[in-house]
Amino acid sequence: MVGDSGKTLRDFLEALPREWISEDLMEALVNRGVHLSPTIFEVGDWVKFKRSITVPTYGWQDAKHKSVGFVQSVPDKDNLIVSFCSGEARVLANEVVKVIPLDRGQHVQLKPEVKEPRFGWRGQSRDSIGTVLCVDDDGILRVGFPGASRGWKADPAEMERVEEFKVGDWVRIRPTLTTAKHGLGSVTPGSIGIVYCIRPDSSLLLELSYLPNPWHCEPEEVELVTPFRIGDRVCVKRSVAEPRYAWGGETHHSVGRISEIESDGLLIIEIPKRPIPWQADPSDMEKVEDFKVGDWVRVKASVPSPKYGWEDITRSSVGIIHSLEEDGDMGVAFCFRNKPFRCSFTDVEKVPAFEVGQEIHMMPSVTQPRLGWSNESPATVGKIFRIDMDGTLNVKVAGRQSLWKVSPGDAERLSGFEVGDWVRSKPSLGTRPSYDWNSIGKESLAVVHSVQDTGYLELACCFRKGRWITHYTDVEMVPCFKVGQHVRFRTGIVEPRWGWRGAQPDSRGVITSVHADGELRVAFFGLPGLWRGDPVDLEIEQIFEVGEWVKLRHNASNWKSIGPGSVGVVQGIGYEGDVWDGTTFVGFCGEQERWVGPTLHLERVERLTVGKKVRVKLSVKQPRFGWSGYNHSSVGTISAIDADGKLRIYTPAGSKSWMLDPSEVEVEEQQELQIGDWVRVKASVSTPTHQWGEVNHSSIGVVKRMEDGDLWLAFCFMERLWLCKAWEVERIRPFKVGDKVRIRGGLVTPRWGWGMETHASKGQVVGVDANGKLRIRFRWREGRPWIGDPADIVLDENPGRTASS
């Protein structure tokens, strides 16, 4: 085969490093009559025996067939002195082939086929990734692992390079890079590119938007980044003063959508009000977070000043997004402002939302809270009872009648952990090294020994001497083991921490004691004495108490008239001799016989009690004990409950008794109004306590604040909140993004005018502000969405039909 340049395939192969040509390829070439020139070996080359060699001319000399060594000297063209881990060996040059060497700084791991490393294990596990520290003169690798104080000896034949990347991956050249193995050239550290090719020696060729040709680098010199995708919203990073491709009227506040991505990562960006697309280097850009109304945000640390100035906002202020505009602006509600704060998407970042039930206190740095102290002190700790729509935290403090109002920017969450809680390392930490957890295993359980003010926890573990410190955000709470619980061995366990000691994988037992470090003592059925165990080796055996209410899981099979979803009452548990056999007896109403089956087919349900109001579920077409003259809209009160769970419903004297199966009913609960509910004034209220103002019976508002029966409502047409009594309004269905809608029939003029719309117009809600203001995209209309008052809009019952049809 001859190429356009006149070179043959043999010429191309001769130009390649010989270690890149595999033995398979070499054999295939010989079979085709293509013979390459003999391999020339030099001192330092890495070699291994050809697989065709059964007995080397000079014997194995303690080496093995797969041994890898490197050339110490070349006495003549036919002979080599090679240093293997097992010692020096004389070999013939035609008995060995070159292999790709491992080099200092490269990431390596054990080959999958290696069962027992030559130099044994030392703290690392099979999937541990290490770094080559050096190669000794005697052919031994030194590999460093996270948390290890010195290098581990390794046979080069047992190690392989970690394949960290694949073609098409987006990578960043490490910003800390000062030199590169193959030269930096005109490349800027921190640049983002796309992997174009992976060479046989695992080195990479990267495409960069500003280079005409791919750049050659080592995988250790780059790191994976989240790729940009078509449709992503992006802006120029604040840290970039001048983007690589010049500004064209844009600023750091400009937000655009990626419309195209070139193969080298160059981004083509559509920006509103800009006639032609803009192009940008991916390393100059960052994704704008996907914000929605209701997200908690604060100004980014990298922003010197928000788009429209600071006003009364500070860096520590935390607010809630109130509205989102098409052009990349938003309105944020802060608890100390009457009006939303206007800024750009690029100015803010999301922060974790506060939640009802969390414990908080005032941040130590706060001397004067935004909403005052209200007779509290820096030592006060309380639980969030309610959160207003502007982010005000209403906090319940023990011993206080009234709620303490706290600005979220002033508050700090407490860890929520207490001494004695059981924890494990969060799985979401991934490979982030937490050396203490690595030394005891990510799956291990620990017990909180002390809680420190700084958010750090001191932990104790049953098989580790001493205690260690970890931050509360790195761990998650797990249910603790308690005396009296039934336990069994975890599925798939090979051996418990301290051996089986008479127990079997299917043994069942009861916990008799729990130590402060989590160590358990278990009484196993049929085993004398108490058995010492690590809690991670055991799991709680679900066991139900007599009288508990349970239902059959979906994986249970039908039995008589009972099936998945049926609700019954536990009557007892089954024994074989003195040992529980894992079964449970359940009484189901309507069946004389008790159901007997495995506990794992059952799950707890909330017990119904006398006095609860219930109605028959809509999914139940015919109750098993009949309707007794009632129907789906009937609400009845439970007057008695039988031992098998059968419900007797209160009926007036002389009428037919009504009985129901508990699986057929749902509890009728009178829900109280909540923050965020959509409401309007009840038709029965002629004049509200605090007068109408601009509001009327058709106006739709959103509950922003509530206190002692008073509500503060936000209406999209009013700047100030409207005060009323809770009993004066009723809850209605809120409009949601995606709703198909039309303009209310009979409406003379929408609040903000018709625009190009008519009563025949049909559209879809694309945005809902926190005060109920709607953004609607009407069919066949380009440009900005139509802005409307929810009182002017109704759901479209027939979205497929036009008014004329």
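My aim in this report is to walk through the structure given alongside it, one point at a time. (Residues numbered from 1 in each chain as written. Predicted model: local features only at pLDDT ≥ 70, side-chain atom pairs only at ≥ 80, totals over all residues. Heavy atoms only, no water.)

1. Looking at the overall build of the protein
Counting secondary structure elements, the protein contains three helices and 60 strands. The C-alpha radius of gyration of the protein comes to 36 Å, more than 25% above the 28 Å expected for a compact globule of 805 residues. Among the 805 residues that make up the protein, the fraction classed as buried is 45%. Nonlocal contacts in the protein, meaning residues at least 24 apart in sequence, comprise 57% of its contacts between residues at least 6 apart. In the form shown here, the protein has an accessible surface area of approximately 42500 Å², with 50% of it arising from carbon and sulfur atoms. Of the charged side chains in the protein, 103 are positive and 110 negative, and the gap between their average positions amounts to 4 Å. (Helix = DSSP H or I, 4+ residues; strand = E, 2+ residues; numbered from the N terminus. Rg over C-alpha atoms; globule rule 2.2 N^0.38 Å. Buried < 20%, exposed > 50% of the residue type's maximum accessible area, 1.4 Å probe, protein only. Contact = heavy atoms within 4.5 Å. Areas by Shrake-Rupley, 256 points an atom, 1.4 Å probe, with all protein chains shown as cover. Lys, Arg positive; Asp, Glu negative; His and termini not counted. Charge placed at Lys NZ, Arg CZ, Asp CG, Glu CD.)

2. Things to note about the pattern of salt bridges
Close approach of charged atoms lets side chains of opposite charge pair. The full count for this structure, using the stated rule, is 44 salt bridges. A salt bridge links Glu-326 to Arg-777; its shortest N-O distance comes to 3.4 Å. One end of the pair, Glu-326, is in the loop between strand E22 (319-324) and strand E23 (329-333); the other, Arg-777, is in strand E58 (residues 774-778), and 451 residues separate them in sequence. Glu-326 sits in the partly exposed class, given a relative accessible area of 43%. Exposure remark for Arg-777: the relative accessible area of 28% places this residue in the partly exposed category. (Salt bridge = Lys/Arg side-chain N within 4 Å of Asp/Glu carboxyl O.)

3. Examining unusual backbone geometry
We note that Ser-374 has phi near 50 degrees; this positive angle belongs to a residue other than glycine. Position of Ser-374 relative to the elements: it lies in the loop between strand E26 (359-362) and strand E27 (381-387). Notably, Arg-501 is not glycine yet its phi reads approximately 45 degrees, a positive angle. Here Arg-501 lies in the loop between strand E36 (486-489) and strand E37 (508-514).

4. What to know about the sheet that holds strand E51 (residues 678-681)
If you walk across this open sheet you meet the five strands as E54-E53-E52-E51-E55, and the pairing is antiparallel. What marks the edges here is a single partner per strand, and that holds for strand E54 (722-725) and strand E55 (729-732). Across the sheet, the mean angle from the axis of one strand to that of its neighbour is 50 degrees, orientation sign disregarded. For strand E53 (residues 710-714) and E54, the ladder comprises four bridges, and the chain directions are antiparallel. Paired with Leu-713 across the strands is Trp-722, a residue of E54. (Pairing = 2+ DSSP bridges. Axes fitted to C-alpha atoms, helices over the stretch in contact; angles between N-to-C directions.)

5. Some remarks on the sheet that holds strand E59 (residues 786-788)
Taking strand neighbours across the sheet as the criterion, the five strands line up as E59-E58-E57-E56-E60 in an open arrangement whose pairing is antiparallel. This sheet does not close on itself; its edge strands, each paired only once, are E59 and strand E60 (793-795). Averaged over all adjacent pairs, the angle separating strand axes in this sheet is 45 degrees, with direction ignored. In this structure, strand E56 (residues 740-743) lies alongside E60, joined through three bridges in antiparallel fashion. Looking at E60, one finds that Val-741 is bridged to Leu-795.

6. Things to note about the environment of Thr-39
Positionally, Thr-39 belongs in the loop between helix H2 (23-31) and strand E1 (46-49). The partly exposed category is assigned to Thr-39, whose relative accessible area is 28%. Spatially, the C-alpha atoms of Thr-39 and Arg-18 are 7.1 Å apart, while their sequence positions differ by 21 residues. Beyond its immediate stretch of four places on either side in the chain, Thr-39 contacts Arg-18 and Lys-98.

7. Here we look at the pairing of E22
Burial runs high along E22: six of the six residues are buried. Examined bridge by bridge, strand E21 (residues 296-299) and E22 share two bridges and lie antiparallel to one another. When the sheet's bridge partners are listed, Val-297 is paired in E22 with Gly-319. Pairing analysis gives four bridges linking E22 to E23, with the strands arranged antiparallel. Looking at E23, one finds that Leu-324 is bridged to Met-330.

8. Some thoughts on the state of the cysteines
Under the counting rule described, the total for this entry stands at zero disulfides. A disulfide-free cysteine, Cys-480 has its sulfur positioned 15 Å from the sulfur of Cys-462, the nearest such atom. In this structure Cys-724 is not part of a disulfide, and its nearest cysteine sulfur, from Cys-716, lies 16 Å away. Taking the relative accessible area as the measure of exposure, Cys-724 reaches 0% and is therefore buried. (Disulfide = S-S within 2.5 Å.)

9. Observations concerning the packing of aromatic side chains
Throughout the structure, instances matching the rule amount to 20 aromatic pairs. Pairing Trp-422 with Phe-481 gives two aromatic rings, centres 5.6 Å apart and planes at 50 degrees, and the pair type is tilted. Of this pair, Trp-422 sits in strand E31 (residues 422-425) while Phe-481 sits in the loop between strand E35 (475-478) and E36, placing them 59 residues apart in sequence. Note on Trp-422: relative accessible area 5%, which makes it buried. (Phe/Tyr/Trp six-rings, centres within 6.5 Å; stacked < 30°, edge-to-face > 60°.)

10. What about the side chain of Ser-663?
Within the fold, Ser-663 resides in the loop between strand E49 (658-660) and strand E50 (665-667). In this view, Ser-663 contacts Gly-565, Ser-566, Val-567 and Lys-617; residues no more than four positions away in its chain are not counted.

11. Section: the environment of Val-605
Relative to the assigned elements, Val-605 resides in the loop between strand E45 (602-604) and strand E46 (613-616). Owing to a relative accessible area of 25%, Val-605 belongs among the partly exposed residues under this scheme. Look past the residues within four positions of Val-605 in its chain and what remains in contact with it is Trp-549, Val-550, Lys-551 and Val-567.

These results come straight from atomic positions and should not be treated as a statement about function.
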